[in-house]
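# A look at the structure
Each chain, written out:
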Amino acid sequence: MEGTQVHDSVKDYYGKRLKTADDLQTQACVTVGKVVTKPVREAVAAVHDEVASKYYGCGLVIPEKLEGMNILDLGSGSGRDCFALSKLVGPKGHVTGIDMTDEQIAVSRKYIDYHTEKFGYKEPNTDFVQGYIEKLREAGLKENYYDIIISNCVINLSPDKRAVLKEAYSVMKEGGEFYFSDIYADRELDDTVRKDEILWGECISGALYWKELFTLAAEIGFSRPFLVSAAPVPIDREDFKKILGEARFVSVTYRLFKLPPGAKMEPLQVMYNGEITGYEKEFKFDHQHVFKKDDVVMVTGPVAASLKCSRFSDEFEYQPAPKESCGSPCNGSTCDKVEFEDPFEYLENLAKAGQKVEASCCGGSTKCC
C-alpha cells in the first residue's frame, strides 16, 4: 500500500471498524517481563474506563524516572498511556499525545479535564495534537524539546518508518530517550503481505525486519537500540498463516538515546545509587543490565554513554574501567562494537534456559485476542 492509502486504511480501521479492544483479530504488540511498580499500577487504574476501553495499543510503555519530564506519545490513540503518564510526571511535567484519527483524538480531549481534576492539578498537564507521526514538526511540535518519547505498537502502522524516527530525533532533547514497543519480523515481508489491510491494521504486515531498526537508528544518529523485553507474537488464524507463510513475529520494547555529538564511548565501572522512585533496589536498563543498588558493574561504552548523557546521569557513580576488562560480555578492542542483537534468538535462548515467556496480548483488556 502507498503512504496515503496506508493512512486512510489505518484511520478507518482504528476510527470506525474497531469499537473496543475486543475487536482486534491477532495477539500483537505487548512485551511482557517488565516489573510494574505500585505507582504505575495506580496511574493506569486511575484512567477513565471509556479511555481504557477504546485503547488499541498493547501493553504498557512507561519508563523510569518520569517526574517533571516533558513526554511525547506517538500514536496516542484514546490517551490511556498519556493520562497514566500525566499522573506520574506530576504537575511540573507535561505529556503531549499525537494521533491522526478523528475519533481517537475526540475521546482523549474529552477527558483532559476529568484527569486534571482526578489528579488534583490546578492546570491540565496533557494536550493532544492531531497530526502524523511522520510529520511532527509540521504538526507544530517544537524541535529539541522532549525529554522522553514513547510509542506503543504504532510505528509498524506507518508507511515511512525512517521519517518517524527522524522526526522523533528532531523534536527530542540531547540526552533524551525514545522508549517504545513495536512488532518486528524475522525477514523482509513480501508485497502480498504488505498489501493486506487487515493484517496491516493488526500491526503485522507493516512490521519492520528487526535488523532494519539498527540500521535506521545508526543512520539517523540514535544510540544503538537496547532490548528491554520481548515476547513472541503467535499467528493462530489459518487464513493469516496462508498469507504470512513462514514469517515469524515478535513484540519488543527498545530504548534509544539521542547522545550529544562527541559523546565518549568508553567502558566504565558504574554503581547505581538506588534513588529512582519505585526502583530503589534495582533498575533494569535492558535485558543484559540490571543494576542493583550499590553493586559495582562493568559496562560497555554505548551503555556508559547512554547513562551519563541522559536523565539517569545522577543516578550512578562512575569510575574508569580497569584496562584488563571493559564490561561483560565484551573485552579489549571489541568493547564498543555494535552488536545486532537478534530478538528471536534472545527468546530461543530464554526457552532453552527453561524460562517461560508469555505470548503477547492485545488492547486494554486482560484477555488475549
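The following refers to the structure shown. (Residues numbered from 1 in each chain as written. Predicted model: local features only at pLDDT ≥ 70, side-chain atom pairs only at ≥ 80, totals over all residues. Heavy atoms only, no water.)

The 3 strands are arranged β12-β9-β13 in an open sheet whose pairing can be described as antiparallel. The open sheet has two edge strands, β12 (296-299) and β13 (316-320), and neither has a second partner. Neighbour to neighbour, the strand axes of the sheet diverge by 30° on average, direction disregarded. Bridge count between strand β9 (residues 268-272) and β12: 4 bridges; the pairing is antiparallel. Residue Leu268 lies in a different strand from β12, and its bridge partner there is Val299. (Pairing = 2+ DSSP bridges. Helix = DSSP H or I, 4+ residues; strand = E, 2+ residues; numbered from the N terminus. Axes fitted to C-alpha atoms, helices over the stretch in contact; angles between N-to-C directions.)

Summarising burial for strand β4 (residues 146-152): 7 of the 7 residues are buried, a large majority. Where strand β1 (residues 70-74) and β4 come together, 4 bridges link them in parallel fashion. Residue Ile71 lies in a different strand from β4, and its bridge partner there is Ile148. Considered for its hand, the β-α-β crossover made up of β4, helix α7 (residues 161-171) and strand β5 (residues 172-185) is right-handed. (Buried < 20%, exposed > 50% of the residue type's maximum accessible area, 1.4 Å probe, protein only. Right-handed = clockwise from strand over helix to strand, strands pointing away.)

For the pair α7 and helix α10 (residues 210-220), interaxial distance at closest approach is 10 Å and the crossing angle is 40°. The orientation of α7 with respect to α10, classified from their angle, is oblique. Of the two elements, α7 crosses α10, and the hand of that crossing is right-handed. Counted together, Lys161, Arg162, Leu165, Lys166 and Tyr169 of α7 and Leu213, Leu216, Glu219 and Ile220 of α10 form the full contact between these two elements. Looking at the contact of α7 with α10 residue by residue, the class counts come to 5 nonpolar, no polar and 4 charged. (Parallel < 35°, antiparallel > 145°, perpendicular 65-115°, else oblique. Left-handed = near helix turned anticlockwise from the far one by under 90°. Contact = heavy atoms within 4.5 Å. Nonpolar A, V, L, I, M, F, W, Y, C, P; charged D, E, K, R; others polar.)

Here the focus is the packing of aromatic side chains. Per the counting criterion, the structure on display carries 23 aromatic pairs. With a centroid separation of 6.4 Å and 40° between ring planes, the pair formed by Phe180 and Tyr254 is classed as tilted. Of the two residues, Phe180 sits in strand β5 while Tyr254 sits in strand β8 (residues 249-257), which places them 74 residues apart along the sequence. In terms of burial, Phe180 and Tyr254 fall into one category: buried. Ring geometry for Phe283 and Phe312: centres 4.9 Å apart, planes at 40°, overall tilted. Here Phe312 lies in the loop between α12 (301-308) and β13 and Phe283 lies in strand β10 (residues 282-286), a separation of 29 residues in the sequence. The same class applies to Phe283 and to Phe312, which are both buried. In this structure, Arg237 packs its charged tip against the face of Phe240, placed 4.0 Å from the ring centre. Note that Lys308 overlies the ring of Tyr318, its terminal NZ or CZ placed 5.3 Å from the centroid. (Phe/Tyr/Trp six-rings, centres within 6.5 Å; stacked < 30°, edge-to-face > 60°. Lys NZ or Arg CZ within 6 Å of the ring centre and 35° of its normal.)

Let us now look at the environment of Phe283. Looking at Phe283, the relative accessible area reads 0%, which means it is buried. Distance from Phe283 to Tyr272, taken between C-alpha atoms, is 7.9 Å for residues 11 residues apart in sequence. Residues in contact with Phe283, not counting those within four places in the same chain, are Glu64, Arg255, Tyr272, Ile276, His289, Val290, Phe291, Leu307, Phe312 and Phe316.

What the second largest pocket holds in volume is close to 330 Å³. Along the wall of the second largest pocket there are 17 residues; nearest its centre are Lys65, Leu66, Glu67, Leu88 and Thr277. Secondary-structure elements contributing two or more residues to the lining of the second largest pocket are α2 (38-45) and α4 (80-89). Taken together, the residues that form the lining of the second largest pocket break down as 9 nonpolar, 2 polar and 6 charged. (1 Å grid on protein atoms, 1.4 Å probe; cavity = no way out; pocket = protein on both sides within 12 Å on 5 of 7 lines; lining within 4 Å. Points joined across faces, edges and corners; volume = space filled by probe spheres on them.)

For the rest of this paragraph, the subject is the side chain of Asn125. With respect to the secondary-structure elements, Asn125 resides in the loop between α6 (112-118) and β3 (126-130). Of note is the side chain of Asn125, whose polar atom sits 3.1 Å from the backbone oxygen of Gly90. The contact partners of Asn125, leaving out residues within four places of it in the chain, are Ser86, Val89, Gly90, Gly93, His94 and Val95. (Polar contact = N/O pair within 3.5 Å; in protein donor to acceptor, adjacent residues only side chain to side chain.)

Across the 8 residues that make up α12, a large majority, 7, are buried. All buried positions along α12 are accounted for by Gly301, Pro302, Val303, Ala304, Ala305, Ser306 and Leu307.

This next bit is on the pattern of salt bridges. Tallied over the full model, the rule gives 19 salt bridges. Between Glu143 and Arg137 there is a salt bridge, with its nearest N and O atoms 3.5 Å apart. Exposure remark for Glu143: the relative accessible area of 45% places this residue in the partly exposed category. For Arg137, a relative accessible area of 34% corresponds to the partly exposed category. A salt bridge links Glu177 to Arg255; its shortest N-O distance comes to 2.5 Å. Taken together, the positions of Glu177 in strand β5 and Arg255 in strand β8 put the pair 78 residues apart, joining distant regions of the chain. Given a relative accessible area of 0%, Arg255 falls into the buried group. A network of salt bridges, in which partner residues are shared, links Glu64, Glu177, Arg255 and Arg311. (Salt bridge = Lys/Arg side-chain N within 4 Å of Asp/Glu carboxyl O.)

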